[in-house]
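Take a look at the letters that make up each chain.
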Amino acid sequence: MISFEPTEEQQMLIGAVRRFADKEIRPVYRDFEEEGEIPHSFAQKGWELGLTAAGIPEEYEGFAEERSVVTGALYAEELAWGDLAIAMHLLAPGLFAYPVLLCGTTEQKESYLPHFCEDEFKSATAALIEPTIRFDPAALKTTAVLDGDEYVLNGNKMYVPLAATADLILVYAAEDGATQGFLVKGGTQGLEVGDREKHMGIKALATYELSLNNCRIPRAGKLGGESGCDLGQLMTLSRIATSAMAVGVARASYEYALAYAKEREAFGEPIASRQAVAFMLADMAVDIDAARLMVWEAAWRVDQGKDAAKEAYLAKMFADEVVLRVTDGGVQVLGGYGYIREFPVELWLRNGRGFAAFDGLAMV
Amino acid sequence: MIDFELPDQIKQQYAMFRQVAQASMRPISRDLDENEHEKPWDFINQMWPVIQMQEGHELKRAEKKAAAIAAAEKPAKPRKKRPSTATLLMAHMIEAMSWGDAGIYLCIPGGQLGGEAIKAVGTIEQKRRFLKRFTEGEPKWAAMAITEPCCGSDTANIQATARLDEETNEWVLNGEKIFVTSGLMATQESDGFVVVWASVDRSARRAGIKSFVVEAGTPGMKVTKTEEKLGIRASDTVSLLFEECRIPYDNILGNPEVKKEGTTKGFKGVMKTFDASRPLVAASAMGIARATIEFVKEMLEKDGVEIRYGLPRHQLTGLERDVMEMEAQYKAAWLLTLRAVSMLDERRPNAIESSMCKAKAGMAVTLITQKAVEILGPLGYSRKCLVEKWMRDAKINDLFEGTGQINTLIVARRILGFSRRELK
Ligand SMILES: Cc1cc2nc3c(=O)[nH]c(=O)nc-3n(C[C@H](O)[C@H](O)[C@H](O)COP(=O)(O)OP(=O)(O)OC[C@H]3O[C@@H](n4cnc5c(N)ncnc54)[C@H](O)[C@@H]3O)c2cc1C
Ligand SMILES: Cc1cc2nc3c(=O)[nH]c(=O)nc-3n(C[C@H](O)[C@H](O)[C@H](O)COP(=O)(O)OP(=O)(O)OC[C@H]3O[C@@H](n4cnc5c(N)ncnc54)[C@H](O)[C@@H]3O)c2cc1C
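Our subject in this report is the structure included herewith. (Residues numbered from 1 in each chain as written. Chains lettered and ligands numbered in written order. Predicted model: local features only at pLDDT ≥ 70, side-chain atom pairs only at ≥ 80, totals over all residues. Heavy atoms only, no water.)

Some words on the overall build of chain B
Across its full length, chain B carries 11 helices and eight strands. For 424 residues, the compact-globule estimate of 2.2 N^0.38 gives 22 Å, and chain B sits close to it at 22 Å. By principal-axis analysis of the C-alpha atoms, chain B measures approximately 75 × 50 × 45 Å. Sequence-distant contacts in chain B: of pairs separated by 6 or more residues, those separated by 24 or more amount to 75%. Looking at chain B as shown, the accessible area adds up to about 19500 Å², and 53% of this sits on carbon and sulfur atoms. Positive and negative side-chain charges of chain B, numbering 62 and 57 respectively, have mean locations separated by a distance of 7 Å. (Helix = DSSP H or I, 4+ residues; strand = E, 2+ residues; numbered from the N terminus. Rg over C-alpha atoms; globule rule 2.2 N^0.38 Å. Contact = heavy atoms within 4.5 Å. Areas by Shrake-Rupley, 256 points an atom, 1.4 Å probe, with all protein chains shown as cover. Lys, Arg positive; Asp, Glu negative; His and termini not counted. Charge placed at Lys NZ, Arg CZ, Asp CG, Glu CD.)

Here we look at the site of ligand 2
Near ligand 2, the surroundings consist of 22 residues, among which Thr147, Ser153, Phe179, Thr181 and Thr403 of chain B are the closest. Nearby residues around ligand 2 are contributed by chains A and B. Interatomic distance of 2.7 Å between a side-chain N/O atom of threonine 147 of chain B and a nitrogen atom of ligand 2. In the model, an oxygen atom of ligand 2 is placed 2.7 Å from a nitrogen or oxygen of the serine 153 of chain B side chain. When ligand 2 sits alone it has 960 Å² of accessible area, and the protein chains cover 68% of it. At the level of secondary structure, the elements contributing two or more residues to the shell around ligand 2 comprise β1 (142-145), β3 (170-181) and α11 (404-416) of chain B. (Near = heavy atom within 4 Å. Polar contact = N/O pair within 3.5 Å; in protein donor to acceptor, adjacent residues only side chain to side chain.)

Describing empty space enclosed by the protein
Residue and element names in this part refer to chain A. Throughout the structure, instances matching the rule amount to four cavities of 30 Å³ or more. In this structure, the largest cavity occupies an estimated 60 Å³ of space. What lines the largest cavity is simply Leu95, Ala126, Leu128, Tyr172, Leu231, Leu234, Met235, Ser238, Gly360 and Met363. Each residue belonging to the lining of the largest cavity can be placed in one class, and the counts come to eight nonpolar, two polar and no charged. (1 Å grid on protein atoms, 1.4 Å probe; cavity = no way out; pocket = protein on both sides within 12 Å on 5 of 7 lines; lining within 4 Å. Points joined across faces, edges and corners; volume = space filled by probe spheres on them. Nonpolar A, V, L, I, M, F, W, Y, C, P; charged D, E, K, R; others polar.)

A look at helix α2 (residues 41-71) of chain B
All names here are of chain B. Between its first and last C-alpha, α2 extends 44 Å over 31 residues, near the 45 Å set by a 1.5 Å rise per residue. Roughly 30° is the biggest bend found in α2, and it falls at tryptophan 48, with proline proline 49 one to four residues downstream. Here α2 has its buried residues at Phe43, Ile44, Met47, Trp48, Ile51, Gln52, Glu55, Gly56, Leu59 and Ala62. (Expected span 1.5 Å × (residues − 1). Bend = angle between axes of the 7 residues up to and from the residue. Buried < 20%, exposed > 50% of the residue type's maximum accessible area, 1.4 Å probe, protein only.)

Some words on the site of ligand 1
All names here are of chain A. All residues in the neighbourhood of ligand 1 are listed as Arg264, Ala266, Phe267, Ile271, Arg274, Ala276, Val277, Gln332, Val333, Gly335, Gly336 and Tyr339. Arginine 264 has a polar side-chain atom sitting 2.6 Å from an oxygen atom of ligand 1. Backbone polar atom of glycine 336 to an oxygen atom of ligand 1: 2.7 Å apart, as the coordinates give it. Contact with the protein chains covers 44% of the free accessible surface of ligand 1, which is 970 Å². For the shell around ligand 1, the elements supplying multiple residues, two or more each, are α9 (275-303) and α10 (309-334). Its residues assigned to classes, the shell around ligand 1 comprises seven nonpolar, three polar and two charged.

Re the nonpolar core
Counting residues in hydrophobic clusters, the biggest one holds 221 residues, and the most contacted among them are Leu79, Met245 and Leu281 of chain A together with Met97 of chain B. Among all residues touching leucine 79 of chain A, those that are not within four sequence positions of it are Val17, Phe20, Ile25, Leu51, Ala87, Leu90 and Leu91 of chain A. One finds Ala145, Trp171, Met185 and Val214 of chain B within the second-largest nonpolar core, a separate group that totals 25 residues. (Core = buried A, V, L, I, M, F, W, Y, C linked by side-chain atoms within 4.5 Å.)

A word on the interface of chain B and chain A
With 43 residues of chain B in contact, the opposing surface of chain A contributes 48 residues. Regarding the contact of chain B and chain A, the summed buried area is about 4300 Å², with carbon and sulfur atoms giving 66% of it. Summed over the shared surface of chain B and chain A, the number is seven salt bridges. Linking arginine 313 of chain B and aspartate 320 of chain A is a salt bridge whose minimum nitrogen-to-oxygen distance equals 2.6 Å. Between chain B and chain A we count 23 residue pairs in polar contact (both at pLDDT 80 or more) in total. Only α8 (318-345), α9 (351-381) and α11 of chain B provide two or more residues apiece to the side of chain B that touches chain A. Per element, the largest residue contribution to the side of chain B that touches chain A is 11 residues, and it comes from α8 of chain B. (Buried area = accessible area lost by both parts, 1.4 Å probe. Salt bridge = Lys/Arg side-chain N within 4 Å of Asp/Glu carboxyl O.)

Examining the layout of surface pockets
Residue and element names in this part refer to chain A. By volume, the second largest pocket amounts to about 1000 Å³. Lining the second largest pocket we find 39 residues, and of these Glu66, Arg67, Ser68, Val69 and Thr71 sit closest to its centre. Elements represented by at least two residues in the lining of the second largest pocket include exactly α1 (8-25), α4 (51-54), α5 (69-82), α6 (84-103), α8 (231-263) and α9. Here the lining of the second largest pocket gets five residues from one element, more than from any other, and that element is α5. Of the residues belonging to the lining of the second largest pocket, the class tally is 20 nonpolar, 12 polar and seven charged.

Digging into the side chain of serine 199 of chain B
Residues and elements named next belong to chain B. Relative to the helices and strands, serine 199 resides in strand β4 (residues 193-199). At a separation of 3.1 Å, a polar atom in the side chain of serine 199 contacts the main-chain amide nitrogen of aspartate 201. Reaching out from serine 199, the side chain makes a polar contact with the backbone nitrogen of arginine 202 at a distance of 3.3 Å. If near-sequence neighbours (up to four positions away) are discounted, serine 199 is found in contact with Ala160, Thr161, Ala162, Gly208 and Ile209.

Structure representation (structure tokens):
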């Protein structure tokens, strides 16, 4: 039966994440952005929300009675409303954990998943993106070659969140042309973490270049064992998570601009009294809601075991466009102040621009 | 729980409506577009029994409710019951029919918007008196007359008047209405009626506006013009002139009392019917949008072009991007529509969601159909295919039941918490 109401449990969870975003993230995110750092103590605080473990079933020591991607989309939006860099930092362990949960062999699940259900922030991540324009996750340049009982990995990666501190990295590489995942422990020989990257936005999120030079891992470290992983399914989950975060960033900018437009006066009345401004805000509101519904539908399809590839792809396409337009509108509504770093909207525009450029940087 | 699954019963009926649309509407679609002012009588006669059944059902429910209210000393505590799915079903029926042909869909007899107004605010006596006709005899229509030559969006400014003749206890209507959908069928070609907005006290502005039921054949009401249009040509759109048109006192809908100037409660009541009707207009728009997207994809497929979802964007062709953009806009508008519709069924206030979906759907179907003509090129522009017609039909959805701007204005006022004065 068609319904747009989250369950009571989901509402409780969203409430908790929203409080965290409002009370904990918002007071500090701008400082983190300027400093380019999310302190470990803060990540630990966020970890204690138990979001990653909430997606892991009880048999692996998580507390998901039933894993729900809808729930993931709900909290991803709230976190990203707080701050995108912090959201991506907190969700980075999921880039490792969820592919293992979805595609891993029983052994892989048993050996890795319980770590993500412990009290300490589990620094883990994935390396997918490569330093090239026209990047295609289905045609990676990084290679994996079986050599006896070991896989040998070679290639270059970028945008690897938390790589410098990660205990576990899921490296995607092409084996005979097909993308597969490889579970690599931090510090493995041949795995070299490069420079901390600098980008236009999400400056607080530590991402790195990564190079693999004859990096050898045991044969059993191939995600999903002999049968490998389903890249399409993983991309679908990633698109849902990323689009949900796009909705959160867009909503942050929209809410700020809405309140500002009611306060700011020009020509003797609030600027929101002009349709040129008010209609921008109304269009933002409509498209944010629409994008959220598209994300929910895709997530719901995954939870129902239906194919969601197309829905997730279109949701991301739509959300990417919406978040850019809305965050640009946020700057526009603030006028000159929008351009000044004392105000948050410029940061949201920088963060909003990233979405269309990336695929595969978050997972729920 | 967040859920996008249709109840089985609606799925079945939706499938049936889609079949009807395919079998009975598509084959006559082009013909009725080329021959404006002709009516799809076979289709009307085919649909009439279905409408009779639906309307009979609703009337029975209204009777039951009235009896229950009359019998109970004090109103029974509202039981927690499953939300209705009536609007959800209606939206799916309209979507399917509009996939067939949006103009022909508007020719379906029955209460339509005029009937909705009575269902929303009419007394049980009024429901009996006016709605019974849709359960028996020959096909009949109802219409809704708000717009005037001077004003469409600015409904508060309408000039038509209703004067109470205390001697005869009749309302006397004067004024001119334009663009009345099915006005011809409702007032001249069948024993239907039209719901007319008129002011009982122009000095009271909004508060003075009331709605009145004028039955077909009432002296003093006449059709003065039938419009020729860009699209939805199967549907008649007429001007109605009211000259000393007398109707019984009891034909007023809602409270006849004029609240003191400055209060707008009565007006808000009539505006509320828009909250219910706008998502249905959006549903109609979505039917056209789906027809268009399906057709475009089918034609592309025949031509060996497959739309490849999931690729990195840089690998997509411009054509694929266009089609995906159409699909994304469609999905966005349809989900907003479903939300507004399900809120109606849950009896939750949906003014903002209703205007959101209408604004989005009107815009989306306009963009989708216009893009389709471009994509299909010479074929898209040709009257051999229906795409150019769908583009012409589609545009009405961004105009009636509140233009795109008016619905955006409503959304803007709501999110800002601004009055009409604060945001003009
Ligand atoms: C980097 C930078 C350099 C600058 N350099 C200079 C400089 O050298 N000298 C100088 O004097 N100024 C300078 N400015 C100021 C700049 O010209 C103003 O910021 C700009 O004119 C907008 O005014 P505002 O910021 O007060 O925005 P507001 O006037 O408050 O406008 C806010 C929003 O409301 C909209 N709006 C306002 N009124 C209406 C209306 N009637 N109808 C519709 N929409 C409306 C605006 O378009 C905007 O989107 C600079 C600004 C920046 C950011
Ligand atoms: C085929 C058809 C069938 C119709 N059926 C019916 C019917 O059954 N019953 C009925 O009563 N009416 C009906 N209408 C009328 C329809 O509802 C009106 O045409 C519509 O509401 C717009 O009013 P208008 O034509 O007077 O345009 P106007 O109100 O003059 O608007 C002209 C333009 O100005 C814009 N505008 C107006 N006010 C504002 C504002 N405050 N802010 C920003 N922009 C504004 C509008 O959006 C529009 O773009 C029908 C119309 C058509 C074409």
